[in-house]
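# What the coordinates show
Chain by chain, the residues:
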Amino acid sequence: GQSSGGYDYAFKILLIGDSGVGKTSLIVSFVSDSIEPPLPTVGMDLKFKLLTVGGKKLKLTIWDTAGQDKFRTLTHSFYRGAHGIILVYDITVRSTFTAISDFWFKEVEIYTTNPKCVKMLVGNKVDRDSERVVSQEEGIALAKELGCSFFECSVKTRENVVQCYETLALKIMEVP
Ligand code: GDP
């Protein structure tokens, strides 16, 4: 590792998925340790987070689509050089789940230039389990089909939020 740079590795992480699934919330919650709902963001937005995983100091640059998800017109350069991609859906809205295989994963396959990019599927809002329409089994099956790791989480209760990022970072470091 580096002795002067303050971190051993720097990774570019993207969060993608339909509007409203909780991408900005997942980023803000992780980066600032706050559970306040985020303000809507305009233009491409990125945040930094330093964390130690597996004894290594990491600097994550986390990119949010910041509104471009509404029109599903992400700048293709957004994907360039990404080390890890988190594909997010809302367990209470089925269309956000079908959009993963119908649209978002296809985008990833077309535009991700790094063949070693690690992908993770995340079903958010498990605190609203009474309104759940996508079962955990369906999430697990899709993740397996797409070759992704899988988590269900809640920004509201903070369940699994940190674990998602830590697991992704570990997987990225495991890539030969
Ligand atoms: P984005 O469009 O994907 O960036 O989604 P946002 O982060 O803007 O979140 C959309 C809405 O879902 C906001 O009102 C959030 O407060 C809410 N939200 C995000 N995560 C959760 C969660 O885990 N549970 C619940 N109940 N609401 C959430």
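### A closer look at the overall build of the chain
Each helix and strand counted, the chain has four helices and six strands in total. Along the chain, from the amino end to the carboxyl end, the secondary structure elements read β-α-β-β-β-α-β-α-β-α. Taken across its 176 residues, the chain has 47% of its residues classed as buried. In the chain, the proportion of contacts linking residues at least 24 apart, taken out of those at least 6 apart, comes to 73%. Entry remark: accessible area of the chain is about 8700 Å², with carbon and sulfur atoms responsible for 53%.

### Quick word on the pattern of salt bridges
Inspection of the entire model under this criterion finds five salt bridges. Notably, a salt bridge pairs R132 with D129, separated by 2.6 Å at the nearest N-O pair. Overall, the relative accessible area of 26% leaves R132 in the partly exposed class. Note on D129: relative accessible area 43%, which makes it partly exposed. With a shortest N-O distance of 2.9 Å, E152 and R132 are connected by a salt bridge. One end of the pair, E152, is in strand β6 (residues 149-152); the other, R132, is in the loop between β5 (118-124) and α3 (136-146), and 20 residues separate them in sequence. For E152, a relative accessible area of 8% puts it in the buried group.

### Digging into the side chain of T61
Topologically, T61 is positioned in strand β3 (residues 56-64). Residue classification places T61 among the buried positions, given a relative accessible area of 15%. With sequence-adjacent residues up to four places away left out, T61 is seen in contact with F11, K12, I13, L46, K47 and F48.

### Digging into the site of the ligand
What surrounds the ligand is a group of 16 residues, the closest being G20, K23, S25, D127 and V155. In this structure, K125 approaches the ligand through a side-chain N or O atom, which is 3.0 Å from an oxygen atom. Between the ligand and D127, the relevant distance is 2.7 Å, taken from a nitrogen atom to a side-chain nitrogen or oxygen of the residue. When the free accessible area of the ligand is taken as 580 Å², the share hidden by the protein chains comes to 74%. It is helix α1 (residues 23-32) that contributes the most residues to the shell around the ligand, three residues altogether.

### Comments concerning helix α2 (residues 94-111)
For α2, built from 18 residues, the straight-helix expectation of 26 Å at 1.5 Å per residue is met to within 8% by its first-to-last C-alpha distance of 25 Å. The sharpest bend along α2 comes to roughly 50°, located at I100. What α2 keeps buried is the set T96, F97, A99, I100, F103, W104, F105, E107 and V108.

### A closer look at the sheet that holds β3
On the basis of which strands lie adjacent, the open sheet formed by six strands has the order β2-β3-β1-β4-β5-β6 and mixed pairing. Where the open sheet ends on each side, the last strands, each with one partner, are β2 (45-53) and β6. When strand polarity is set aside, the average angle formed by the axes of neighbouring strands in this sheet is 25°. In this sheet, strand β4 (residues 84-90) lies alongside strand β1 (residues 9-16) in parallel orientation, the contact comprising four bridges. Following the sheet pairing, I16 is matched in β4 by L87. Helix-sheet contacts for α2 involve β1, β4 and β5, and the interaxial angle to β4 is about 160°.

Procedures and definitions
Residues numbered from 1 in each chain as written. Predicted model: local features only at pLDDT ≥ 70, side-chain atom pairs only at ≥ 80, totals over all residues. Heavy atoms only, no water. Helix = DSSP H or I, 4+ residues; strand = E, 2+ residues; numbered from the N terminus. Buried < 20%, exposed > 50% of the residue type's maximum accessible area, 1.4 Å probe, protein only. Contact = heavy atoms within 4.5 Å. Areas by Shrake-Rupley, 256 points an atom, 1.4 Å probe, with all protein chains shown as cover. Salt bridge = Lys/Arg side-chain N within 4 Å of Asp/Glu carboxyl O. Near = heavy atom within 4 Å. Polar contact = N/O pair within 3.5 Å; in protein donor to acceptor, adjacent residues only side chain to side chain. Expected span 1.5 Å × (residues − 1). Bend = angle between axes of the 7 residues up to and from the residue. Pairing = 2+ DSSP bridges. Axes fitted to C-alpha atoms, helices over the stretch in contact; angles between N-to-C directions.

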